[in-house]
Amino acid sequence: MFTGIVEELGSVVALVRPDGPAGADATSGTDAVAPDAVLTVAGPLATSDARPGDSIAVDGVCLTVTSVADGAFVAEVMPETLRRTSLGGLVPGARVNLERALPANGRLGGHVVQGHVDGVAVLVRRTPGPRWDDLEFSAPAALTRYVAEKGSVALSGVSLTVTWVSDDGFGVSLIPTTLAATTLGRLVPGDSVNVEVDVLAKYVERLMANGIAR
């Protein structure tokens, strides 16, 4: 698990799709399933003690390290991950938020983050304050139903407190440290972020649905 406390900004070295780009299925005429990808990211801190099999969150997405060399790590990205997240749009040189998995004796500085992204939200408006920025995101109701005012949400791997929520969006405020230390400080309207809602909300909904069914 992770905590949503970004440790460093990494840099994308390459995103390679071994089976070629996604496209139309010639036999059915429908969109083909997005192929998998191999992602290479440079991050001296993240790779300082990384070994194959370790987990590193890249923009909030939990990925398994397959190899480490020269201050960079390689991870395979499955089609489901490419469908659910913004990782498929990464290009060489892009900056990404990196966090290593939480050790058993580590501090839970943010909130419980699994690295299992639920979907994406789009930045609609950015309002600078004296020492902070207020960000407004649009998101589908399938995501906002799990978001609560003053609750926690992970945006591209950053643990944040929700300032307000509606059926089609929500807001957060970023302190100077978050603006400087994460990719959220560079977002402009139209940019997408990976969203992981509080896992407790999903389990509560599931348990209640099963109880009603019985």
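A. How the structure looks around the nonpolar core. By size, the foremost hydrophobic cluster in this structure holds 22 residues, and its most contacted members are Phe137, Leu155, Phe170, Val172, Val193 and Val195. Counting residues per element, the ones that place at least two in this core are strand S7 (119–128), strand S8 (133–138), strand S9 (152–155), strand S10 (158–166), strand S11 (169–174) and strand S12 (192–196). Leave out the neighbours within four places in its chain, and Val172 touches Asp133, Asp134, Leu135, Phe137, Val153, Leu155, Leu160, Thr161, Val162 and Thr163. With 21 residues, the next largest nonpolar core counts Val41, Val61, Leu82 and Leu90 among its residues.

B. Spatial organisation of the packing of aromatic side chains. Following the criterion strictly, the structure yields 1 aromatic pair and no others. Ring geometry for Phe137 and Phe170: centres 5.6 Å apart, planes at 25 degrees, overall stacked. Of this pair, Phe137 sits in strand S8 while Phe170 is found in strand S11, placing the two residues 33 residues apart along the sequence.

C. Quick peek at the sheet that holds strand S4 (residues 61–69). A barrel is described by the order of its strands in space; here 6 strands give the closed sequence S1-S2-S5-S4-S3-S6, paired in antiparallel fashion. Across the sheet, the axes of successive neighbouring strands diverge by a mean angle of 45 degrees, strand direction being ignored. Here S4 pairs with strand S5 (residues 72–77) via 4 bridges, running antiparallel. Along S5, the bridge assignment pairs Ser67 with Val74.

D. Quick peek at the sheet that holds S10. Spatially, 6 strands are ordered S7-S8-S11-S10-S9-S12 in a closed barrel, and the strand pairing comes out antiparallel. The sheet shows a mean angle of 45 degrees between the axes of neighbouring strands, taken without regard to direction. Note: S7 against S12, 4 bridges, orientation antiparallel. Of the residues in S12, the one forming a bridge with Gly119 is Val195.

E. Highlighting the pairing of S11. The buried fraction of S11 is high, at 5 of 6 residues. Pairing between S8 and S11: 6 bridges, direction antiparallel. Across the sheet, residue Glu136 finds its bridge partner in S11, namely Gly171. For S10 and S11, the ladder comprises 4 bridges, and the chain directions are antiparallel. Note on S11: the bridge partner recorded for Val165 is Phe170. The antiparallel hairpin formed by S10 and S11 contains 2 residues in its connecting segment.

Procedures and definitions
All chains use their own residue numbering, which begins from 1 and follows the written sequence. In keeping with the model being predicted, local features are shown solely for residues with a pLDDT of at least 70 and side-chain atom pairs are shown and tallied solely at 80 or more, while totals for entire chains, interfaces and linings include all residues. As a rule here, side-chain values cover all heavy atoms of the structure and leave hydrogens and water aside. Nonpolar core, defined: a set of buried Ala, Val, Leu, Ile, Met, Phe, Trp, Tyr and Cys residues in which side-chain atoms within 4.5 Å join the residues together. Residue exposure (1.4 Å probe, protein chains only): buried if accessible area is under 20% of the type maximum, exposed if over 50%, otherwise partly exposed. Going along the chain from the N terminus, every DSSP run of H or I of four or more residues is numbered as a helix, and every run of E of two or more is numbered as a strand. We call two residues in contact whenever any of their non-hydrogen atoms come within 4.5 Å of each other. Only the six-membered ring of Trp is used, alongside the rings of Phe and Tyr, when aromatic pairs are assigned; centres must lie within 6.5 Å, and planes under 30 degrees apart are stacked while those over 60 apart are edge-to-face, with the rest tilted. Only strands that DSSP links by at least two bridges are regarded as paired with each other. Here, axes are lines fitted to C-alpha atoms. For helices the fit covers the stretch in contact, and angles between N-to-C directions go from 0 to 180 degrees.

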